[in-house]
Amino acid sequence: MIHYGVTKTGQVVVARGVAEMTKGTRVTVSSVLPGRTRSEAIVGFLQTKASNPNASAEEVEKEYFQRERPTSLIQRMAEDTEVASLVTYLASPLASNTNGAALRCEGGILRALF
């Protein structure tokens, strides 16, 4: 997944650069870095990788997180509304001091800061 890592890194660098360009303007720019987010396509893909292709979507997801993402603290995919809530916060006046940040919304998969 090198291409995926490169695009995530590029997103962070571009957001930080634009945040620096808008310094002192009260415009804020940050990155939202979601992890696996539930969609029909992801659920279908995970179904093809499951040890039991007839398992329910819930069982397939549980197996995936146990096998492939054991460091996840929530052990499930994000919901689109959870990612949207973070974006809504960033677009609100409540986030006026959040600028140039890379905000993860991935359930605690990564153990390190970066």
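All of these numbers come straight from a predicted model, not from anything done at the bench.

A. Fine view of the overall build of the chain. In terms of regular secondary structure, the chain is built from four helices and two strands. Listed by position from the N terminus, the elements making up the chain come as α-β-α-α-α-β. Relative to the globule expectation of 13 Å for 114 residues, the C-alpha radius of gyration of the chain, 17 Å, shows a markedly less compact shape. Based on the C-alpha atoms only, the size of the chain along its principal axes is roughly 55 × 30 × 25 Å. Within the chain, the proportion of its 114 residues that are buried is 27%. For the chain, the proportion of contacts with a sequence separation of at least 24, taken over those separated by at least 6, is 57%. For the chain, the accessible area works out to roughly 7900 Å², and carbon and sulfur atoms hold 60% of it.

B. Seen up close, the environment of A84. One can find A84 in helix α4 (residues 80-90). Spatially, the C-alpha atoms of A84 and M1 are 25 Å apart, while their sequence positions differ by 83 residues.

C. Focus on a nonpolar patch on the surface. A contiguous nonpolar surface patch, about 300 Å² in accessible area, is contributed by V14, V18 and M21. Among the structural elements, V14 can be located in helix α1 (residues 2-21). Exposure remark for V14: the relative accessible area of 53% places this residue in the exposed category.

D. Up close: empty space enclosed by the protein. Within the structure shown, the criterion is met by one cavity of 30 Å³ or more. What the largest cavity holds in volume is close to 40 Å³. Lining the largest cavity are G35, R36, F65, I74, R76, M77, A78, C105, E106, G107 and I109. Looking at the lining of the largest cavity, its residues break down into six nonpolar, two polar and three charged.

E. Region of interest: the confidence of the model for the chain. Averaged over every residue, the pLDDT of the chain is 93; the share at 70 or more is 98%. The element-level mean pLDDT for the chain is lowest in helix α2 (residues 40-49), coming to 92, with α4 highest at 97.

F. View of the environment of A57. Among the secondary structure elements, A57 is positioned in helix α3 (residues 57-67). Counting along the chain gives 38 residues from A57 to A95, while the straight-line C-alpha distance between them is 36 Å. Setting aside residues no more than four positions away along its own chain, A57 makes contact with V43 and Q47.

What counts and what doesn't
- The residue count restarts for each chain, going from 1 along the sequence in the order it is written.
- Two thresholds apply to this predicted model, a pLDDT of at least 70 for residue-level local features and 80 or more for giving and counting side-chain atom pairs, whereas whole-chain, interface and lining totals are computed over all residues.
- With hydrogens and water set aside, each side-chain value is computed from the structure's full complement of heavy atoms.
- Only DSSP runs of H or I covering at least 4 residues are called helices, and only runs of E covering at least 2 are called strands; the numbering of each starts at the N terminus.
- Computation of the radius of gyration draws on C-alpha atoms alone. For the globule rule, the value is 2.2 Å times the number of residues to the power 0.38.
- With a 1.4 Å probe rolled over the protein chains alone, any residue whose accessible area is under 20% of its type maximum counts as buried; one over 50% counts as exposed, and the rest are partly exposed.
- The contact rule is simple, with two residues in contact once any of their heavy atoms fall within 4.5 Å.
- Per-residue and other accessible areas follow the Shrake-Rupley method at a 1.4 Å probe size, with only the shown protein chains counted as cover for residues.
- A patch consists of residues whose relative accessible area exceeds 30% and which take part in no salt bridge; residues with like charges are grouped when within 9 Å of each other, and nonpolar side chains (Val, Leu, Ile, Met, Phe, Trp, Tyr) when within 5 Å.
- A pairing counts as a salt bridge when a side-chain nitrogen of Lys or Arg comes within 4 Å of a carboxyl oxygen of Asp or Glu.
- Using a grid of 1 Å spacing that covers the protein atoms alone, one calls a set of points a cavity when a 1.4 Å probe fits there but cannot get out, and a pocket when the set is open and has protein on both sides within 12 Å along at least five of seven lines; lining residues are those with an atom within 4 Å of a point.
- Grid points are joined across faces, edges and corners, and a volume is the space filled by probe spheres set on the points.
- The nonpolar class holds Ala, Val, Leu, Ile, Met, Phe, Trp, Tyr, Cys and Pro. Asp, Glu, Lys and Arg form the charged class, and all remaining residues, Gly among them, are polar.
- Confidence of the prediction at every residue is given by pLDDT, a number between 0 and 100.

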